[in-house]
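Given next are the chains, with one letter for each unit.
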Amino acid sequence: MSQEIWADVLGYVRKNISEVEYHTWFAPLKNLGVQDGSLVLGVRNSFAQEWLRKQYQGLLEDALRSLGAQHPQVSFQVLPASQDALLLPSDPPPAPISPGRAPAPPPADNRKTLNPKYTFENFVVGPNNNLAHAAALAVAESPGKAYNPLFIYGDVGLGKTHLMHAVGHYIAERFPEKRIEYVSTETFTNELINAIREDKTTQFRNRYRSVDLLLVDDIQFLAGKERTQEEFFHTFNALYENHKQIILSSDRPPKDIQTLEGRLRSRFEWGLITDIQSPEFETRVAILKMNAEHNRIDIPQEVLELIARQVTTNIRELEGALMRVVAFSSLNNVPFSRAVASKALSNVFAPQEVKVEMMDVLRQVASHFNMPPDVIRGSGRVREVVVPRQVAQYLIRDLTDHSLPEIGQFFGRDHSTVMHAISKVTEQLGKDSELTAAVETLRRKMKGLEDEDSRA
Ligand SMILES: Nc1ncnc2c1ncn2[C@@H]1O[C@H](COP(=O)(O)OP(=O)(O)OP(=O)(O)O)[C@@H](O)[C@H]1O
């Protein structure tokens, strides 16, 4: 099919769907011509292939019909890696959004704070996150107008940051001149402290109050920080009054953020509050599949399913498990299989059947850190006690079925403290080698895997 007709097909499609949909699914398509009476379109992975077939085949056929085709047919073909490379992020930005607009200049550094991987295209939508996804799309299409602020909350590693960045990328692509700033609450706080110390608060304010899109992660860490809350309050107002979009993420809804000033809490509730839940099995498999395809890993479905059954709550860990299986099979030079995957994951992800109690975990952690269990459960706030306590809470959450409030009760604390502990440990895993080793050793011990491995 000639490029002119293809452009007309795209023009038809574009008029019938949202810009986000167009941009996500149609801009990357490659017209491969007509074969056996069917228009063949190149797609970059089988996930996109399935999605386009399910959602948009009819629309494409309508487009062809509108151009005079009597029996329109469309098929999708996954491009081999070399051609696919043409569609990867190094590609120039897709066609301008509104007809007649000048082509967008190359992405400016308004994306420097964004992770290139965190786009809408790379985000798998499932029942656990579809509302948050829809809200993020709406905000991406009408920044400052749809929902302001957009407040996304949910447990650790479920895609909050990913969605925020996706909005950032989307806006950056359409409006390269817009200023986009992503910042964690911790960084915001540290920068403020430095600005105060160095007498540079004016620069600090100007920087944050002049952005078009402000993305702030882990806003729950504003709790108890009065000066930062005060500063953030004014930043929020300045942006809001100028119709600039604000997106906030948190591990809990505004009403559950303790010691947050009422005026801030109420502002956080002005827009839309939406949550992300743990993904169900099918979504976990779809995420793994997409990940494998992006990394050009050909891995059987049954192996992906095995991984998805083992890791159920945290998508970051799910991705880590896939990489572990890949590394294991490549290091040992064995093809992917369920047995290989079980072996690769056996040190990290415990088989479901083994039952571990909270007290077992506490005792093991206490013995590992050479500290009485009661001290770990006590009120001490020095690092030497806090780290084992956080590790114990993390492992209990990981190895038992207890809920956050139950774990909190066991430690005489509330569930948000446990959530914070889990997020702290997760953040440090892989970065802090001592802590990583402690968590691994304890996990092995508690599953009795050490003995099993030494017998093998
Ligand atoms: N729906 C999804 N589709 C594809 N990848 C996802 C999805 N949700 C999360 N991920 C991936 O999981 C990882 C963790 O996501 P992210 O960092 O956004 O989580 P988070 O909720 O912000 O966690 P935290 O509270 O620790 O900051 C990222 O690599 C992200 O790309």
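Since this is a predicted model, take the numbers as computed values, not measurements.

Conventions and cut-offs
- Residues numbered from 1 in each chain as written.
- Predicted model: local features only at pLDDT ≥ 70, side-chain atom pairs only at ≥ 80, totals over all residues.
- Heavy atoms only, no water.
- Near = heavy atom within 4 Å.
- Polar contact = N/O pair within 3.5 Å; in protein donor to acceptor, adjacent residues only side chain to side chain.
- Areas by Shrake-Rupley, 256 points an atom, 1.4 Å probe, with all protein chains shown as cover.
- Nonpolar A, V, L, I, M, F, W, Y, C, P; charged D, E, K, R; others polar.
- Domains from an automatic or database assignment.
- Pairing = 2+ DSSP bridges.
- Helix = DSSP H or I, 4+ residues; strand = E, 2+ residues; numbered from the N terminus.
- Axes fitted to C-alpha atoms, helices over the stretch in contact; angles between N-to-C directions.
- Contact = heavy atoms within 4.5 Å.
- Buried < 20%, exposed > 50% of the residue type's maximum accessible area, 1.4 Å probe, protein only.
- Core = buried A, V, L, I, M, F, W, Y, C linked by side-chain atoms within 4.5 Å.
- Salt bridge = Lys/Arg side-chain N within 4 Å of Asp/Glu carboxyl O.
- UniProt positions renumbered as here; feature names shortened; annotations may be inferred.
- pLDDT = per-residue confidence, 0-100.
- Lys, Arg positive; Asp, Glu negative; His and termini not counted.
- Phe/Tyr/Trp six-rings, centres within 6.5 Å; stacked < 30°, edge-to-face > 60°.
- Lys NZ or Arg CZ within 6 Å of the ring centre and 35° of its normal.

Before going further, it helps to examine the site of the ligand. Looking at the ligand, there are 18 residues lining it, with Val124, Gly157, Thr161, His162 and Glu319 nearest. Within the side chain of Thr161, an N or O atom sits 2.4 Å from an oxygen atom of the ligand. About the coverage of the ligand: the protein hides 93% of its 630 Å² of free accessible area. Looking at side-chain class alone, the shell around the ligand contains seven nonpolar, six polar and five charged residues. Three or more residues apiece are contributed to the shell around the ligand by two domains, here domain 2 (120-275) and domain 3 (281-345).

Here the focus is the sheet that holds strand E7 (residues 245-250). Within a sheet, neighbouring strands are paired by backbone hydrogen bonds and run either parallel or antiparallel to one another. Here we have five strands laid out as an open sheet, ordered E5-E6-E7-E4-E8, and parallel in their pairing. Looking at strand neighbours, the two that pair on one side only are strand E5 (180-184) and strand E8 (272-276), the edges of this open sheet. Going from strand to strand, the sheet's axes swing by 15° on average, the running direction of each strand aside. As paired strands, E5 and strand E6 (residues 213-217) are joined by five bridges and run parallel to one another. What sits directly across from Glu181, in E6, is Leu214. Set on the sheet, helix H5 (residues 130-141) makes contact with strand E4 (150-154), E7 and E8; between it and E8 the angle comes to about 135°. Sitting on the sheet, helix H7 (residues 185-197) touches E5 and E6, and the angle it makes with E5 is about 95°.

Before going further, it helps to spend a moment on helix H12 (residues 301-310). Val303, Leu304, Leu306, Ile307 and Ala308 are the residues of H12 that are buried. Buried residues along H12 sit against helix H11 (281-294), helix H13 (315-331) and helix H14 (338-346).

Moving on, we get to the sheet that holds strand E1 (residues 30-35). With respect to topology, three strands assemble into an open sheet ordered E1-E2-E3, the strand pairing being mixed. Of all the strands in the sheet, the pair left with one neighbour each is E1 and strand E3 (74-78). Taken over all neighbouring pairs, the strand axes of this sheet differ in orientation by 30° on average, direction set aside. Bridging between strand E2 (residues 38-43) and E3 involves five bridges; their strand directions are parallel. Across the sheet, the residue bridging to Val40 is Ser75, located in E3. In this fold helix H3 (residues 46-66) packs onto E2 and E3, with an angle of close to 155° to the strand it touches most, E3.

Right, let's talk about the nonpolar core for a bit. Core analysis: the biggest nonpolar cluster contains 72 residues, and Val13, Phe26, Phe120, Val167, Ile247 and Ile307 have the highest contact counts within it. Looking at this core element by element, the count peaks at eight residues for H3. Counting residues in each nonpolar core, the second largest holds 28 residues, with Val361, Tyr394, Leu395 and Leu442 among its members.

Turning next to the pattern of salt bridges. All chains considered together, the criterion is met by 19 salt bridges. Arg227 is the salt-bridge partner of Glu231, the closest N and O atoms lying 3.2 Å from each other. Taken together, the residues Glu231 and Arg227, both in helix H9 (residues 226-241) and four residues apart, mark about one turn of the helix. On the accessibility criterion, Glu231 (2% relative accessible area) is buried. Among the ionic contacts, a cluster of salt bridges with common partners joins Arg179, Glu181, Glu191 and Arg207.

To continue, consider the UniProt feature "binding site: ATP" in the protein. The sites that UniProt annotates as "binding site: ATP" are Gly157, Gly159, Lys160 and Thr161. Secondary-structure assignment places Lys160 in helix H6 (residues 160-174). Not counting the four nearest positions on each side in its chain, Lys160 is found in contact with Ile152, Tyr153, Gly154, Asp155, Ser249, Ser250 and Ile276. Polar side-chain contacts of Lys160 include one of 2.7 Å to the backbone oxygen of Asp155. Looking at where Thr161 falls in the secondary structure, it is placed in helix H6. When sequence neighbours within four positions are dropped, the list of residues in contact with Thr161 reads Tyr118, Tyr182 and Asp217.

Time to look at the environment of Leu59. With respect to the secondary-structure elements, Leu59 resides in helix H3. As a C-alpha pair, Leu59 and Val13 span 46 residues in sequence and 6.8 Å in three-dimensional space. Setting aside residues no more than four positions away along its own chain, Leu59 makes contact with Tyr12, Val13, Asn16 and Ile17.

A residue-level look at the protein finds 89% of positions with pLDDT of 70 or above and a mean pLDDT of 85. The low-confidence segment residues 83-107, where pLDDT is below 50, has 34 contacts with residues more than four positions distant or belonging to other chains. In this model residues 449-456 is a low-confidence stretch, pLDDT under 50, and it forms eight contacts with partners more than four residues away in sequence or in other chains. Across the whole predicted complex the pTM is 0.60, and at the interface the ipTM reaches 0.98.

One can find Arg267 in helix H10 (residues 262-268). Summary of buried charges: Arg267 has no salt-bridge partner, and the nearest side chain of opposite charge, Glu241, is 6.6 Å away. The contacts of Arg267, once residues within four sequence positions are left out, are Pro149, Phe233, Phe236 and Asn237.

With that settled, the discussion passes to the packing of aromatic side chains. All told, the structure shown has 14 aromatic pairs when counted by the stated rule. For the ring pair Phe188 and Phe232, a centre distance of 5.6 Å and an interplane angle of 85° mean the geometry is edge-to-face. Linking Phe188 in helix H7 with Phe232 in helix H9, this pair joins segments that are 44 residues apart in sequence. Residue class for Phe188 comes out buried when judged on its relative accessible area of 1%. For Phe232, a relative accessible area of 1% gives the class buried. In this structure, Lys178 is placed above the aromatic ring of Phe175, and the distance from its NZ or CZ to the ring centre is 5.3 Å. We note Arg377 situated over the ring of Phe410; from NZ or CZ to the ring centre the distance is 4.3 Å.

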